[in-house]
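# Working through the structure, step by step
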Amino acid sequence: MNPQAKLIFITSLLLGTTITISSNHWIMAWAGLEINTLAILPLISKSHHPRAIEAATKYFLVQAAASALVLFSSMTNAWCTGQWDITQLTHPTSCLILTSAIAMKLGLVPFHFWFPEVLQGSPLTTGLLLSTAMKLPPITLLYMTSPSLNPTLLTTMAILSTALGGWMGLNQTQIRKILAFSSISHLGWMAIILAYNPKLTLLNFYLYVLMTTTVFLTMNSMKVLKLSTLMTAWTKVPSLNAMLLLTLLSLAGLPPLTGFLPKWLIIQELTKQDMAPAATIISLLSLLSLFFYLRLAYCTTITLPPHTTNHMKQWHTYKPTPTLIAILTTMSITLLPASPMILTLI
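Residues numbered from 1 in each chain as written. Predicted model: local features only at pLDDT ≥ 70, side-chain atom pairs only at ≥ 80, totals over all residues. Heavy atoms only, no water.

### Observations concerning the overall build of the chain
Convention followed: Secondary structure counts use DSSP, requiring at least four H or I residues in a row for a helix and at least two E residues in a row for a strand, with both numbered from the N terminus. Every radius of gyration here is taken over C-alpha atoms, with the globule rule written as 2.2 Å times N^0.38, N being the number of residues. For each residue, the accessible area found with a 1.4 Å probe, counting protein chains only, is set against the maximum for its type, and the residue is called buried under 20%, exposed over 50%, and partly exposed in between. Contact between two residues is taken to exist if any of their heavy atoms lie within 4.5 Å; hydrogens are not considered.
Assigned secondary structure in the chain consists of 16 helices and zero strands. For 346 residues, the compact-globule estimate of 2.2 N^0.38 gives 20 Å, and the C-alpha radius of gyration of the chain, at 20 Å, lies within 12% of that figure. For the C-alpha atoms alone, the extent of the chain along its principal axes is close to 70 × 50 × 35 Å. Relative to its 346 residues, the chain shows a buried fraction of 53%. A separation of at least 24 residues holds for 78% of the contacts in the chain among residues at least 6 apart in sequence.

Here you go:
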């Protein structure tokens, strides 16, 4: 892709995100979401492969429908209450429509079908943007409207997202699809606590972005797209593989790694809110996603490919680990002891 064009698209992404997260008026927030959608489409379809074009088309249709619903919910609210302010979304019907619209934007169950397909058709770097940066504006809108949203609806969608995200990821061999289902599962954890403690939703989102960025950049550095390639990648960059193992375990939420922190705090908060059954169910459902993280980790470092089949070992490259990946991995593994400091910041 032309560097000038890429610069324009990335700048537009930053601009759209900034407009949405800093706006008070629904029309401004909607405009920011539209700029974001239009800026990411060329990045999805830049390879001109039929799969990429299909992914871009699916993404456009879903996001256009979600944006129309955002506009419809804000107009309904303005019609009934006279308020265009984002934090003044008080009409119950508007709240339900907005929850559905943001769920479509994010890929929460039952509006999750587009996300794995779009991620599978995109390059890894665009997949990283779709999994992290593109989720920030909708999460911000949820954060600003959280006092008005229906807790029962959010809890139901969250438990279904964690269940389906874990269950549908079990049988996948494509790494981008596994990471898409991982994202859906994590969104469930963010949604369940939104109505009770929105700051924990943001903390969970920030740590999820940190760990997912590490995984995507590592995979991109190793040029790995499916499990069979991952099995032979240990000969190429052994140090990166070891770092990927720890980051995947952190993404699974195992103590004493960073990923355990948001799960621990969310379970604690749910218990305080007399929602111990929901906390138990979502904890048990996260064991499903733990399985495919462990499978990825197993393929990364433990599995030696069978010697009977003819496969090509990849060349061992003596390139040093990129500094950014090293920093992100360190943060993805070691932030749990700093949790008291993190809690004072949120």
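### Examining the packing of aromatic side chains
The condition that has to hold: Paired rings are identified among Phe, Tyr and Trp, the last through its six-membered ring, by centres lying within 6.5 Å, and are further divided according to the angle between planes into stacked (under 30 degrees), edge-to-face (over 60) and tilted (the rest). Working rule: Lys NZ or Arg CZ, within 6 Å of ring centre, within 35 degrees of ring normal, means a charge sits over the ring.
Across all of its chains, the model carries five aromatic pairs by this definition. Arranged with centres 5.1 Å apart and planes meeting at 50 degrees, the rings of Phe 292 and Tyr 293 form a pair that is tilted. The two residues Phe 292 and Tyr 293 agree in class, both being buried. Grouped by ring-pair contacts, the aromatic residues Tyr 59, Trp 114 and Phe 115 constitute a single cluster. Over the face of the ring belonging to Trp 189 we find Lys 263, whose NZ or CZ atom lies 5.1 Å from the ring centre.

### Some words on the environment of Ala 64
Structurally, the position occupied by Ala 64 is in helix α3 (residues 50–81). Considered as a pair, Ala 64 and Leu 33 are 31 residues apart in the sequence and their alpha carbons are 9.6 Å apart.

### With respect to the pattern of salt bridges
Cut-off, in case you're wondering: In the sections that follow, a salt bridge refers to a side-chain nitrogen of Lys or Arg positioned within 4 Å of a carboxyl oxygen of Asp or Glu.
Taken as a whole, this structure holds four salt bridges when the rule is applied. Across the pair Arg 51 and Glu 117 runs a salt bridge, and its minimum N-O distance is 3.8 Å. In this pair, Arg 51 sits in helix α3 while Glu 117 sits in helix α5 (residues 114–121), placing the two residues 66 residues apart along the sequence. Among the residues examined, Arg 51 registers a relative accessible area of 33% and is labelled partly exposed.

### Here we look at the domain arrangement of the chain
Where we set the bar: Bear in mind that the domain bounds are from an automatic or database domain assignment. Once two parts are joined, some of their accessible surface, as seen by a 1.4 Å probe, is lost; buried area is that loss totalled over both.
Assigned domains within the chain: domain 1 (1–123) and domain 2 (150–345). Computed from C-alpha atoms alone, the centre-to-centre distance between domain 1 and domain 2 is 24 Å. Counting residues at the interface gives 18 residues for domain 1, matched by 20 residues for domain 2. Between domain 1 and domain 2 the total buried area reaches about 1500 Å² when both faces are included, carbon and sulfur atoms providing 75% of it. On the surface where domain 1 and domain 2 come into contact, there are one salt bridge.

### Examining unusual backbone geometry
A cis amide bond links Val 109 with the next residue in sequence, Pro 110, at an omega value of 10 degrees. Located in the positive-phi region is His 48, a residue other than glycine, with phi close to 60 degrees. Along the chain, the position of His 48 falls in the loop between α2 (26–44) and α3. Although it is not a glycine, Lys 223 adopts a positive phi angle of roughly 60 degrees. Among the secondary structure elements, Lys 223 is positioned in the loop between α10 (198–222) and α11 (227–232). For Lys 223, a relative accessible area of 58% gives the class exposed.

### Some thoughts on helix α9 (residues 175–194)
Heads up, the condition is: In this analysis, the expected span of each helix is defined as 1.5 Å times one less than the number of residues it contains.
When the terminal C-alpha atoms of α9 are compared, their 29 Å separation across 20 residues agrees well with the 28 Å that a helix rising 1.5 Å per residue should span. Extensive coverage of α9 is indicated by the burial of 20 of its 20 residues.

### Let's talk about the packing of α5 against α9
Going by this rule: A fitted line through C-alpha atoms represents every axis, and for helices the fit uses only the stretch in contact; the resulting angles, taken between N-to-C directions, go from 0 to 180 degrees. Definitions for this section: a left-handed crossing has its near helix turned counterclockwise from the far helix by less than a right angle. A right-handed crossing has that turn clockwise. Polar here means any residue other than Ala, Val, Leu, Ile, Met, Phe, Trp, Tyr, Cys and Pro, which are nonpolar, and Asp, Glu, Lys and Arg, which are charged; Gly is therefore polar.
In contact at an axis separation of 8 Å, α5 and α9 are set at 145 degrees when each is read in the N-to-C sense. α5 and α9 meet at a crossing whose hand is right-handed. Taking contact as the criterion, the partners of Phe 115, Pro 116, Glu 117, Leu 119 and Gln 120 in α5 are, on α9, Arg 176, Lys 177, Leu 179, Ala 180, Phe 181, Ser 183 and Ile 184. Of the residues that constitute the contact of α5 with α9, the class distribution is seven nonpolar, two polar and three charged.

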